[in-house]
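Coordinates in review
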Amino acid sequence: MKKITQFILTMTITSLIIVILFPTQTSAKSTLEFTDEEKAFIQSTNQDQALKIGIIPHTFPLSDCPPDSDGYVGINVEMLKLISQKTGLQFEYGRIPIENETPYQSLINNEFTFVAGTIRLESFMKNPNLILSQRFCDGSSICIALKNTNPKDAKTNKVAVMSGYQAGMDFSKTKFPNHEVVFYRTNQDVMKAVRNGEVDCAMISRYVGIYELENPLNDKLIILAPYQTVVDSCIMGLNTQENTIAMSIINKALSDIGDEEYNHIQINFTITNPYDLTLYEFLYKYRYVIFVCTVGFTAFTYLLIKLFRTQKDKAILSKDSVTGAYSELGFELAVKKVLQKSHSSLFITVFDMSYFSSYNELHGKDKGDELLKKIVEIVCSFISEQDIICRSYADNFIVLSCKDNLESLIQEIKAANAFLNELLDSRMVFSFGIYQITDYSIPVSKMIDFASIAKKKIKGDADNYICVFNDELRKKNINDVKMLASFNKAIANKEFVAYYQPKFDVNTQKVIGAEALVRWILNDGTVIPPIQFIELFEKNGQIQRLDFYMLEQTCMFQKSLIENNIQPIPISINFSRVHLYNEDFVSHIKETVERFNIPKYLIEIECTETVMTYNTELSIEILGQLRELGFKIAMDDFGKAYSALNTLRSMPLDIVKLDSDFFNTSSIEEIKKSRKIIQAIVSLVHDLSLKLVAEGVETEKQYLFLKDIGCDYIQGYYFSKPLEEKVFLDLITKNRKD
Ligand code: C2E
Ligand code: CA
Ligand code: CA
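This section reports on the structure supplied with the text. Computed from a predicted structure; not experimentally measured. Residue numbers restart at each chain and count upward from 1, following the sequence in its written direction. Chains and ligands are labelled by the order in which they are written, letters from A for the one and numbers from 1 for the other. Where local features are concerned, this predicted model is filtered to residues with pLDDT of at least 70; where side-chain atom pairs are given and counted, the filter is 80 or more; whole-chain, interface and lining totals use all residues. Think of the side-chain values as coming from all heavy atoms in the structure, minus any hydrogens and water.

This part takes up empty space enclosed by the protein. Only protein atoms enter the 1 Å grid, on which a cavity is a set of points fitting a 1.4 Å probe that cannot get out and a pocket is an open set with protein on both sides within 12 Å along at least 5 of 7 lines, lining residues being those with an atom within 4 Å of a point. Grid points are joined across faces, edges and corners, and a volume is the space filled by probe spheres set on the points. One pass over the full model with this rule turns up two cavities of 30 Å³ or more. Taken as a whole, the largest cavity spans an internal volume of roughly 350 Å³. Along the walls of the largest cavity sit 33 residues, with Ile56, Thr59, Met162, Gly164 and Tyr165 positioned nearest its centre. Only strand E3 (114–119), strand E5 (137–138) and helix H6 (166–175) provide two or more residues apiece to the lining of the largest cavity. The dominant element in the lining of the largest cavity, judged by the number of residues it contributes, is E3, at four residues. Classifying every residue of the lining of the largest cavity gives 16 nonpolar, 14 polar and three charged. Its boundaries defined by the atoms lining it, the second largest cavity holds a volume of some 120 Å³. What counts as a helix is a DSSP run of H or I of at least four residues, what counts as a strand is a run of E of at least two, and both are numbered from the N terminus. At five residues, the largest contribution of residues to the lining of the second largest cavity is made by helix H16 (residues 406–421). Here the term charged refers only to Asp, Glu, Lys and Arg, the term nonpolar to Ala, Val, Leu, Ile, Met, Phe, Trp, Tyr, Cys and Pro, and the term polar to all other amino acids, Gly among them. Tallied by class, the residues present in the lining of the second largest cavity amount to ten nonpolar, two polar and one charged.

Shown next, in the form of structure tokens:
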């Protein structure tokens, strides 16, 4: 029993607390009092006879019916809902067609019982056919114009108003009596007309205008405050008995709606309801941000792709596709990394083989590639794992080795060379240049240069195939730099002088021609032989100027002979391989010789056999053109390199110059072999209707042998060294007299 009393007490207290904390929401409807007639009317609307209310579209936040929904929104609609809630009246909403000129027309057309949101104009109030509700909500209007314009300084003399917005039209007439009122179907069209300058300004409902100004497309429009008007809007219907009852009910509800309730609705649709941007309006509003972001993103993407490509390119470029060794670029990067980490005994070795281009020519490119691969394989089997191997170009290889001392590196090279030589044909030899890294601050390319300088010193020497870069070579290198720097000055000061080495007829021993050979004679009389600078200038491209300088000197000499009635003889000029790639080579020679008015047969063009085999097709074309012009063509240093006998047949030639190396041997066995070869060459050259000049003939024995086998001409110290111009002139003058 006690428990039951306790339970009832607890329940009562709990119920009381609930009632105090959450009082039952009394409906707004219950506070209004209606007459019996009104109650009956309300009842009738509940029985499926809802009042038809016309809603004005395109006037958000007052009212709108968004095209993609059936719902009606806005302050007016919320007010109607509140009225319905307070009175029990049932409303059925419909959109007033924008084709209708005024909402009034909708009533006449019987489309709606009432229209919501019509302005309480005096004309309506006086019209006995109409009944109007009390103030419904704020219906004041504002004038909108483009910034920095004054509508009174009319440009178009037009003011825009939404059709049916009677108040707007009335205000326009009072404020702008000289303006024509132009009607637009929607408020959005009204704003657009102002934006586009179709009208000077627009009269628009205050709520709608303020809301539309939030549209970024309207960012150049402003409110012209002086034209603000204060009016009310209301519900309007035709003056019938039924409507009078309905309006009485509505008015009771409107009287009951306090400021607080109205403000709450208004705030919901204005301050707390920001402008609903369409996609286009959004893009327009944030156009600058979007532009900056797009540019930024594009730039970022571009850089990213570029970085990715550079990395990819670097990866591709860092390897040599033929041998799989590093490329020079990859090698330099890899060596830089090693240098950053370690300063132990490091060496750069550069090596290549003689006559690789001839090997390619003879055996084909595929065999050449195979040879290169094999070389890398062999070298890799000798060097240690952390050492780096690279093929920089053609048959040029570079290795970075870490060794205790120079001697152990030289031992390693010797061992590798023994294996490498097995791959080569008899005349080919490897040459190695070593630079011990002592200065870690210089670029890797410079280190490679130092090793290359050492290699060049012994290039092609089978007995002496390893050379270490030392102080002597360093001095030579400095000297080279000086020579390059003083080239222009030397040309201007005429320091380059042509010497002429005569060529003799084997049988008559008469001078039949000469070769122009350059000497660099310094101011103090020091003579620098060409061997010291030709290769350097070839590398630098300056050789082209030097060769043409020699051509001019020779032409001048020939001209002086002709002018002095001394019978001239053909003189040959050495042209470096660099010219082959100069498009103007042929025309330049022609122009020079013609400028001096020298017959073409008096000028011979000497090109080495290696040049001709290096790029056979191009040589045939260029030498062919020169020969067509009347110049004589000589193949220099024949037999020094790999002699591809085919070249003799295909090349447009007149003369073959036998290399002096054939006489450069003291072993009886080799002399015998050389003689046989020379004999064969003489008959081959004659078979091809060419002439043979033997170079470097130093002894009577050599001369007699050459005479014996039918060699045509001889050029060598046995007869004459290269001579100064004056001495040479004496020689040929005497030669004529004999
Ligand atoms: P080269 O064209 O083979 O010229 C022949 C070289 O052999 C000349 O050396 C000449 O003095 C030398 N010589 C001639 N007869 C004998 C001999 O009996 N015994 C010995 N030991 N040597 C002999 P030089 O004048 O020192 O020229 C060396 C090379 O420099 C030339 O070889 C040529 O390749 C190059 N050269 C010289 N002048 C020019 C030039 O104006 N332009 C170009 N591009 N190269 C040149
Ligand atoms: Ca020559
Ligand atoms: Ca020669």
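The axes used here are C-alpha line fits, helices contributing only the stretch in contact, and every angle between their N-to-C directions lies in the interval 0 to 180 degrees. Where helix H2 (residues 36–46) meets helix H9 (residues 241–256), the axes come as close as 10 Å, and the angle between the chain directions of the two elements is 100 degrees. By the angle between their directions, the pair H2 and H9 is classed as roughly perpendicular. For the pair H2 and H9, the contacting residues are Glu37, Glu38, Phe41 and Ile42 in the first and Gln241, Glu242, Ile245, Ala246, Ser248, Ile249 and Lys252 in the second. Looking at side-chain class alone, the contact of H2 with H9 contains five nonpolar, two polar and four charged residues. Roughly parallel here means an angle under 35 degrees, roughly antiparallel means over 145, roughly perpendicular means 65 to 115, and every remaining angle is called oblique. Here, two residues are considered to be in contact whenever any of their heavy atoms come within 4.5 Å of each other.

Take the packing of aromatic side chains next. Working definition: an aromatic ring pair is given by the centre-to-centre distance plus the angle between the planes. Only the six-membered ring of Trp is used, alongside the rings of Phe and Tyr, when aromatic pairs are assigned; centres must lie within 6.5 Å, and planes under 30 degrees apart are stacked while those over 60 apart are edge-to-face, with the rest tilted. One pass over the structure, following the stated rule, counts 32 aromatic pairs. Considering the side-chain rings of Phe282 and Tyr286, the 4.9 Å spacing of their centres and the 55 degrees angle between planes classify their relative orientation as tilted. Buried, partly exposed and exposed residues are distinguished by accessible area as a fraction of the type maximum, computed with a 1.4 Å probe on protein chains only: under 20%, between the cut-offs, and over 50%, respectively. In this structure Phe282 comes out as partly exposed when scored by relative accessible area, which is 39%. Looking at Tyr286, the relative accessible area reads 32%, which means it is partly exposed. Pairing Tyr500 with Phe728 gives two aromatic rings, centres 5.3 Å apart and planes at 25 degrees, and the pair type is stacked.

With that settled, consider the coordination of the calcium ion (ligand 2). Each metal's donors are the N, O and S atoms within 2.8 Å of it, or within 3.2 Å when it is Na, K or Ca, and because water is not part of the set, sites may look incomplete. Bound to the calcium ion (ligand 2) are the protein donor atoms Glu515 (OE), Asn574 (OD1), Glu606 (OE) and Asp636 (OD), situated 2.1 to 2.3 Å from the metal. Donor residues binding the calcium ion (ligand 2) come from one chain and are separated in sequence as E-x58-N-x31-E-x29-D. A spacing of 3.9 Å is found between the calcium ion (ligand 2) and the calcium ion (ligand 3), which share Asp636 as a donor. Here Glu606 lies in strand E21 (residues 603–608) and Asn574 lies in strand E20 (residues 571–574), a separation of 32 residues in the sequence.

The protein atoms that coordinate the calcium ion (ligand 3) are Asp636 (OD), Asp637 (OD), Glu695 (OE) and Glu695 (OE), at distances of 2.2 to 2.9 Å. Of note, the calcium ion (ligand 3) draws all its donor residues from one chain, in the sequence arrangement D-D-x57-E. Note on Asp636: relative accessible area 5%, which makes it buried. Overall, the relative accessible area of 18% leaves Asp637 in the buried class.

Disulfides are defined as cysteine sulfur pairs within 2.5 Å. All told, the structure shown has zero disulfides when counted by the stated rule. Free cysteine Cys201: the closest other cysteine sulfur is in Cys143, separated by 3.8 Å.

Another point: the pairing of E21. Along E21, five of the six residues are buried, which leaves the element largely enclosed by surrounding structure. Look down the strands so they point away from you; if going from the first strand over the helix to the second traces a clockwise path, that crossover is right-handed. With respect to chirality, the unit in which E20 leads through helix H21 (residues 585–595) into the neighbouring parallel E21 is right-handed.

Ordered by their spatial adjacency, five strands build an open sheet running E8-E7-E9-E6-E10, and the pairing between neighbours is mixed. Each edge of the open sheet carries a strand with a single partner, namely strand E8 (180–184) and strand E10 (221–223). The sheet shows a mean angle of 30 degrees between the axes of neighbouring strands, taken without regard to direction. By the bridge criterion, five bridges tie strand E7 (residues 158–162) to E8 in an arrangement that is parallel. Counterpart to Ala160 in the pairing with E8 is Val182. Two strands are said to pair when DSSP picks up at least two bridges between them.

Just distances and angles here, no functional claims.
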